[in-house]
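What follows is each chain in one-letter form.
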Amino acid sequence: MINKKFFTGCLLASALGDALCAPYEGGWQERLVWRIIGHTFFGKKRYTDDTQMTMDVAQSLCTQNGINQEHLAKTFAAGYKWSRGYGAGAAKMLKKIRRGAAWHSVNRAAYPDGSYGNGAAMRVSPVALYFHDKPEKRKTAVQNVSEITHANPLAIEGAQLIAAATSFALSQMNFAQFHSSLADHARAEPYQKRLQTCRIWLKAGEQPESTTVARELGNGIAAVDSCVTAIYIACRFINQPFADMLRFIQGCSGDTDTIGAMAGAIWGARNGISRLNKADINSLESAEKIEQLAEDIYDSHCIRTARRAKKQSSRNGC
Ligand code: R7I
Ligand code: MG
Ligand code: MG
């Protein structure tokens, strides 16, 4: 049985990656805005939409014992606040759902093929934890969580890659197996190509600068421009301090909060809460709530495992 500390490590490291890299996101205007609204009234560091939607997924998953798309869509809509910095298309959709629209009638309203943004990939870590030992169920759940706002196949594939990488990290999978299993999840050419670059760099022990990583793997808001970047950075820093990884992400510029959230989830699932800095956790808005959600996912995993074992033993006549 995997220790609870890896579940809490995953969600907290993701939230910290988001909150601590958010001040470096975008251009000077975004950074200026975040300087003004990036703290709570009590001086805690605020997280952005990445963590809000991750918490929404965790909460809905635990209360519904799985993915209930109607419930999750309403949870996303209820959690929406402009000051969390949602993507423009996602914000429009969530406001419509809040006014009573069905999610499937609005998820292609802004873009005919659905959004290709990284807004699905940034929120799948609870699914990766909940279904870490059930890959087929994980894939279906990721598809269902994603398509509520991101129907575009590229957005969904990015979410599948991040969820798979987070599950593999939690299972303490070795490097070679991790990368060959991830490659099985990449269908679209940009993902295949970038994963190949990532594998070559890691295998050769190359240490490209953050600007090179941003140029070769991407640092943008599209899922194809940020998911492999996060996977590469998490792998490169997996045995190094969390703070070093965040510094590197901050140096990549662009969509730093989301790369931080996704890389944080993978790093935290592998290293656990004990390798995170307590002062960082204490400085984060709603850290206790985030930890509690991770514990809830862990508890429901334990309950399901115990139920399965009981069924199995009664089948065996024990
Ligand atoms: O993907 P999404 O939820 O945004 C997440 C990002 C993360 O960086 C968060 O931290 C937050 O800052 O936003 O939001 P969407 O609005 O679905 O997609 C993001 C952006 O990608 C959109 O605002 C568009 O600029 C672009 N985009 C598209 N442009 C043209 N055609 C997404 N899909 C399309 C498209 O089909
Ligand atoms: Mg964000
Ligand atoms: Mg972002």
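Residues numbered from 1 in each chain as written. Chains lettered and ligands numbered in written order. Predicted model: local features only at pLDDT ≥ 70, side-chain atom pairs only at ≥ 80, totals over all residues. Heavy atoms only, no water.

### Focus: the site of ligand 1
Consideration 1: Neighbouring ligand 1 are 20 residues, the closest being Asp 50, Gly 89, Ser 115, His 150 and Asp 255.
Consideration 2: Separating an oxygen atom of ligand 1 from a backbone N or O atom of Gly 87 is a distance of 3.5 Å.
Consideration 3: The contact in question runs from an oxygen atom of ligand 1 to an N or O atom on the side chain of Asp 257, over 2.8 Å.
Consideration 4: Considering ligand 1 on its own, with 700 Å² of exposed area, one finds that the protein chains cover 82% of that surface.
Consideration 5: Contributing elements (two or more residues each) for the shell around ligand 1: helix H3 (49-64), helix H5 (88-98) and helix H15 (256-271).
Consideration 6: With 3 residues, the top contributor of residues to the shell around ligand 1 is H5. (Near = heavy atom within 4 Å. Polar contact = N/O pair within 3.5 Å; in protein donor to acceptor, adjacent residues only side chain to side chain. Areas by Shrake-Rupley, 256 points an atom, 1.4 Å probe, with all protein chains shown as cover. Helix = DSSP H or I, 4+ residues; strand = E, 2+ residues; numbered from the N terminus.)

### Observations concerning the coordination of the magnesium ion (ligand 2)
Consideration 1: Coordination of the magnesium ion (ligand 2) by the protein comes from Thr 48 (OG1), Asp 49 (OD), Asp 50 (OD) and Asp 257 (OD), over a distance range of 2.1 to 2.3 Å.
Consideration 2: Read from N- to C-terminus, the donor residues coordinating the magnesium ion (ligand 2) fall into the pattern T-D-D-x206-D.
Consideration 3: Between the magnesium ion (ligand 2) and the magnesium ion (ligand 3) the interatomic distance comes to 3.6 Å, and Asp 257 is a ligand of both metals.
Consideration 4: On the basis of relative accessible area, Thr 48 is assigned to the buried category, the value being 3%. (Donors = N, O, S within 2.8 Å, 3.2 Å for Na, K, Ca; no water. Buried < 20%, exposed > 50% of the residue type's maximum accessible area, 1.4 Å probe, protein only.)

### Focus: the pattern of salt bridges
Consideration 1: A complete count under the given rule lists 7 salt bridges for this structure.
Consideration 2: Between Glu 189 and Lys 193 there is a salt bridge whose closest N-O contact spans 3.7 Å. Within this pair, Glu 189 and its partner Lys 193 are both found in helix H11 (residues 189-204), separated by 4 residues, close to a single helical turn. By the burial criterion, Glu 189 is exposed, and Lys 193 matches it. (Salt bridge = Lys/Arg side-chain N within 4 Å of Asp/Glu carboxyl O.)

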